[in-house]
Amino acid sequence: MYKILKYSIYDLLRSRWSYVYFFFYLALGFVLLFLNNDVSKAVITLMNIIIVLTPLIGTIFGVMYYYNSKEFTELLLAQPIKRNKIFMGQYLGIALSLTLSLVLGLGIPFLAYGIFKSSAIFDFGLLLVTGSFLNFIFVALAFNIALSNENKIKGFGYAILLWLFLAVIYDGLFIISLLVFNDYPLDKFSLIATMFNPIDLSRILILLKLDISALLGYTGAIFKQFFGTNLGLFSSIFALSLWVIFPVFRINRKLKKKDF
Amino acid sequence: MIKIENLHKKFGKLTVLDGLDLDIKSGGIFAILGPNGSGKTTLIKCLLGMVIPNSGEIIYDDENILHKWQYRNKINYLPQIANFPANLTVNELLKMVKNLRPKASNAKELISMFGVESFLSKKLGNLSGGTKQKINIILTFMFDSDLIILDEPTTGLDPISLIQLKKIIQQEKAKGKTILITTHIMSLVNEIADEIVFLLDGKIYFKGSVDMLKKQTKQTDLEHAIANLMVKENV
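Bear in mind that the values here come from a model prediction, so they are computed numbers and not experimental data.

Asks: With reference to specific residues and values, describe the overall build of chain B.
Replies: Assigned secondary structure in chain B consists of eight helices and ten strands. The globule rule puts the C-alpha radius of gyration for 235 residues at 18 Å, and the 18 Å found for chain B is close to it. Seen through its principal axes, chain B has C-alpha atoms that stretch 55 × 40 × 35 Å. Looking at chain B as a whole, 37% of its 235 residues are labelled buried. Of the contacts made within chain B by residues no fewer than 6 positions apart, 70% connect residues no fewer than 24 positions apart.

Asks: Pulling in residues and values, what's your account of the overall build of chain A?
Replies: Summing up its helical and strand segments, chain A has eleven helices and zero strands in all. A compact globule built from 260 residues should have a C-alpha radius of gyration of about 18 Å, and chain A, at 19 Å, falls within 12% of that. In terms of its C-alpha atoms, chain A occupies a principal-axis envelope of roughly 60 × 45 × 30 Å. Residues classed as buried in chain A amount to 39% of the 260 residues present. Within chain A, residue pairs in contact and separated by at least 24 positions form 80% of the contacts whose partners lie at least 6 positions apart.

Asks: Which residues make up the interface of chain B and chain A, and what values go with them?
Replies: Listed per partner, the contact involves 23 residues of chain B and 20 residues of chain A. The leading source of residues in the side of chain B that touches chain A is helix α2 (residues 90–100) of chain B, at five residues. The class makeup of the residues in the side of chain B that touches chain A is 14 nonpolar, five polar and four charged.

Asks: Would you mind going over the pairing of strand β2 (residues 14–24) of chain B in detail, with residue names and values included?
Replies: Sheet topology places strand β1 (residues 2–11) of chain B next to β2(B); eight bridges connect them, and they run antiparallel. By the bridge assignment, Phe11(B) is partnered in β2(B) with Leu14(B).

Asks: Go over the sheet that holds strand β7 (residues 147–151) of chain B, please, and point to the residues and values.
Replies: Residue and element names in this part refer to chain B. The sheet built from six strands is open, its strands ordered β6-β7-β8-β3-β9-β10 with mixed pairing. At either end of the open sheet lies a strand with only one pairing partner, and these are β6 (75–78) and β10 (203–208). The mean inter-strand angle of the sheet, taken between neighbouring strand axes irrespective of direction, is 15°.

Asks: Break down the sheet that holds strand β4 (residues 55–60) of chain B for me, with residues and values.
Replies: Residues and elements named next belong to chain B. The strand order across the open sheet built from four strands is β2-β1-β4-β5, with neighbouring strands paired in antiparallel fashion. In this open sheet, the two strands that pair with only one neighbour each are β2 and β5 (63–64). Together, β1, β2 and β4 form the strand contacts of helix α1 (residues 40–47), whose direction differs from that of β2 by roughly 60°.

Asks: Pulling in residues and values, what's your account of the pairing of strand β8 (residues 178–182) of chain B?
Replies: Residue and element names in this part refer to chain B. Of all five residues that make up β8, five are buried, and the element is covered over most of its length. Neither face of β8 is open: one carries Thr178, Leu180 and Thr182, the other Ile179 and Ile181, and all of them are buried. Across five bridges, strand β3 (residues 28–33) lies against β8 in parallel orientation. Residue pairing across strands places Ile32 opposite Thr182, the latter belonging to β8. Across five bridges, the pairing between β7 and β8 is parallel. Paired with Leu147 across the two strands is Thr178, which belongs to β8. With helix α5 (residues 159–174) bridging β7 and the parallel β8, this β-α-β connection has right-handed handedness.

Asks: Which residues make up helix α4 (residues 129–141) of chain B, and what values go with them?
Replies: For an α-helix the count is 3.6 residues per turn, leaving residues at separations of three or four pointing the same way. Residue and element names in this part refer to chain B. With 13 residues, α4 extends 19 Å from end C-alpha to end C-alpha; this agrees with the ideal 18 Å at 1.5 Å per step. Within α4, ten of the 13 residues are buried, which leaves the element mostly enclosed by the surrounding structure. Among the residues making up α4, those that are buried are Thr131, Gln133, Lys134, Ile135, Asn136, Ile137, Ile138, Leu139, Thr140 and Phe141. The elements touched by buried residues of α4 are β6, α2, α3 (107–113) and α5.

Asks: Hey, could you go over the nonpolar core for me, with residue numbers and the actual values?
Replies: Tyr91(A), Val139(A), Ala140(A), Ala31(B) and Ile149(B) are the most contacted members of the largest nonpolar core, which has 133 residues in total. Take this core: its biggest share by element is 15 residues, from helix α6 (residues 121–148) of chain A. Beyond its immediate stretch of four places on either side in the chain, Ala31(B) contacts Ile181(B), Thr183(B), Val189(B), Ala193(B), Ile196(B) and Val197(B).

Asks: Please set out unusual backbone geometry residue by residue, giving values where relevant.
Replies: Residues and elements named next belong to chain B. For Glu152, which is not a glycine, the phi torsion comes out positive at approximately 50°. Here Glu152 shows up in the loop between β7 and α5. Of the residues examined, Glu152 has 18 C-beta atoms within 10 Å and is grouped as partly exposed. Even without glycine at this site, Asp201 takes up a positive phi of about 50°. Its place among the elements puts Asp201 in the loop between β9 (195–200) and β10. Looking at Asp201, the number of C-beta atoms within 10 Å reads 15, which means it is partly exposed.

What counts, and at which threshold
Residues numbered from 1 in each chain as written. Chains lettered and ligands numbered in written order. Predicted model: local features only at pLDDT ≥ 70, side-chain atom pairs only at ≥ 80, totals over all residues. Helix = DSSP H or I, 4+ residues; strand = E, 2+ residues; numbered from the N terminus. Rg over C-alpha atoms; globule rule 2.2 N^0.38 Å. Buried ≥ 20, exposed ≤ 12 C-beta atoms within 10 Å, placed from the backbone. Contact = placed C-beta atoms within 7 Å. Nonpolar A, V, L, I, M, F, W, Y, C, P; charged D, E, K, R; others polar. Pairing = 2+ DSSP bridges. Axes fitted to C-alpha atoms, helices over the stretch in contact; angles between N-to-C directions. Right-handed = clockwise from strand over helix to strand, strands pointing away. Expected span 1.5 Å × (residues − 1). Core = buried A, V, L, I, M, F, W, Y, C linked by C-beta atoms within 7 Å.

This is the structure in structure tokens:
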């Protein structure tokens, strides 16, 4: 697996897209910091971007890489190496190189600004951790979609739909359900519904750490009670881990029966 | 050397291999022929463990190879389409594949044979289709294995490289290797194949030498003999 991982990282780190992605975050970090002149505010703006952008780039990169390297994967499949090692190597290669672009791209401007002297260091760290989680989650989901669809166009379509659903539609349904069932106690429901969407989960995790939950009203108070504590932090990181583990598990299961 | 028994494979409703039996003795060049969609590639991919058959057995060197992977160290495979990671150099690719196989390799001789020395430090994404196919061939032949599987090896090759390829195939045969080739180019079959395996509707329809085939179909040249085989079944 490490052999495959090594070379897929070699390949990806030299790809133009990795640089574009890296420079995008770099520019974004510098611009936000020097316009806002305040680390906490910059973190909030960044969160709004990261939470939508990393899943999108992760899904598209994952699907694109799978279909692009299809022939090469066939060559690898004919080598004396287990199937799941090939795909796990490629999966980790993509997820790690995207994470590297994110962490370096944002890390450099914040370091230059003096993040270590700021009180927002923990918030910024949490932002990078959830961003990385989102990379690993959505690349894994993208691999699941690509493995299940021989047809490239269909695969891309489902991948975009998945992103659209989790980033936009899910929230819409969530809000509608809150309005419709306004008369019932909804705090448990909303807490659980949040767990089922990694994007929402990351957003709320960061928002509540940033201590602006007062803006969120009653539900915000409940959420603060849960997410604001260490228990909440750990259980949401646990939920994010499950979001990585289950798709990866399914990739491995799917591979056992797949024909190439 | 290879013994395939009662191999079945369906893709959805489409039956591709339908109780195929095949016995291949060690040594010689075997041409696997058949019309488009007759299951040639599927057969090869079953042998390599890329396609998992619904039922049946494949024995290679006295070992049942289904769901195993170590045995692939004893097979060299040339895939139909050559496409490599665009940002790796040729050298890195060679190193990577060597890394994956725990056995000796000799790429140098092949590199000079195909005249690709000047491409070694170039990125694979910048190479032409023909050069990629040459790299593909080098990757296949740089290891010493008893079984060599070539899937449409001539695609995109210039005449000089084609001659080189035929030369390598003959050299490998002289070393006592078993070589399986699928192709649609009958002149190549006529020139190098010792035996023909003809697939039709997922079964072996004919297996024997070129002369036997000509005799059986009462044709004088191979192209017509093969056409005759296809037509006979269709009537």
